[in-house]
Structure formats: structure tokens, C-alpha cells
Amino acid sequence: SSARGRAMFYMYVGSINLVMLPESGLMSLIYQVIGGGLCTASLLILLSGCRCFRSFFNSEGVDRSEHGIQGGAAQAIDAIHGAGVAIKMEFMKIRAYVRHNP
């Protein structure tokens, strides 16, 4: 897949996470963080290919190799996903404990 296609997919999934929020306050926050992270990663990938930002990326020493920006975006997405899963598991444990111990 190309960088532009991957970025559009991230934008699609991120926008779904931002629009279709659950009713729970904590889960809504988790969905917003994940959706915002995906949309930000998408914009970074798209901007890395834009001609007007090439001088910025080159002057700041940003790694523009094949895996540089995309790899960083993938690492950010993995970190956000891992944090979301951990928070959801803790939420499920607390909810189960509260149900069994009124």
C-alpha cells in the first residue's frame, strides 16, 4: 500500500472513532484519543509528501526514508492502541468488581 492510501485509511478509521462514541464517559474519552491519534498520524503522513513541507522536513532533520515518518506514525498508533486496550481492561475489571460487590 502507498503512503497516501495508508493515510486515508487512518483518517477513515480515526473519523469513525471520533463520530461513533459510546455513551460511557471513560470509553468516550478513549475513543476520542484513539481517533485523534489516527487523524494526526494521517495528517503527518499526508504532509510528509506535500511539496510545500519538504523543506521543513529536510531542515528539521526529520527522517524521510521509506519507514521514517510512517514508522513513527505506526509506533504512535500502536502505543495509543496499547494504552486504549489497557484502560479498557482496567475498566472491565472495575465494573465486574462493582457488580459482584455492591
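Residues numbered from 1 in each chain as written. Predicted model: local features only at pLDDT ≥ 70, side-chain atom pairs only at ≥ 80, totals over all residues. Heavy atoms only, no water.

So, on to the pattern of salt bridges. With the rule as written, the count across this model stands at one salt bridge. In this structure, glutamate 90 engages lysine 93 in a salt bridge whose closest nitrogen and oxygen atoms are separated by 3.6 Å. In this pair, glutamate 90 and lysine 93 are both assigned in helix H4 (residues 68-100), three residues apart and thus about one turn of the helix distant. (Salt bridge = Lys/Arg side-chain N within 4 Å of Asp/Glu carboxyl O. Helix = DSSP H or I, 4+ residues; strand = E, 2+ residues; numbered from the N terminus.)

What follows concerns helix H1 (residues 3-19). For H1, which comprises 17 residues, the first-to-last C-alpha distance of 24 Å matches the rise-based estimate of 24 Å (1.5 Å per residue) to within 8%. Among the residues of H1, those classed as buried are Ala7, Tyr10, Gly14 and Asn17. Buried residues of H1, viewed axially, fall in a sector of 85°; they line one side. Away from its buried face by more than 90 degrees, H1 exposes Arg4, Phe9, Tyr12 and Val19. (Expected span 1.5 Å × (residues − 1). Buried < 20%, exposed > 50% of the residue type's maximum accessible area, 1.4 Å probe, protein only. Arc of directions from axis to C-beta.)

Moving on, we come to the confidence of the model for the protein chain. For the protein chain, the mean per-residue pLDDT works out to 77, and 76% of the residues sit at or above 70. Within the protein chain, no element has a lower average pLDDT than helix H3 (residues 51-59), which sits at 63, and none a higher one than H1, at 87. (pLDDT = per-residue confidence, 0-100.)

Attention now goes to the side chain of asparagine 17. With respect to the helices and strands, asparagine 17 occurs in helix H1. Setting aside its immediate chain neighbours within four residues, asparagine 17 contacts Tyr31, Ile34, Gly35 and Leu38. (Contact = heavy atoms within 4.5 Å.)

With six residues, the main nonpolar core is built from Ala7, Tyr10, Leu38, Ala41, Ile45 and Ile77. Taken together, the elements giving at least two residues each to this core come down to H1 and helix H2 (25-48). Here this core takes three residues from H2, the largest share from any one element. In this structure, alanine 7 is in contact with Ser42, Ile45 and Leu46, ignoring residues within four places of it in sequence. (Core = buried A, V, L, I, M, F, W, Y, C linked by side-chain atoms within 4.5 Å.)

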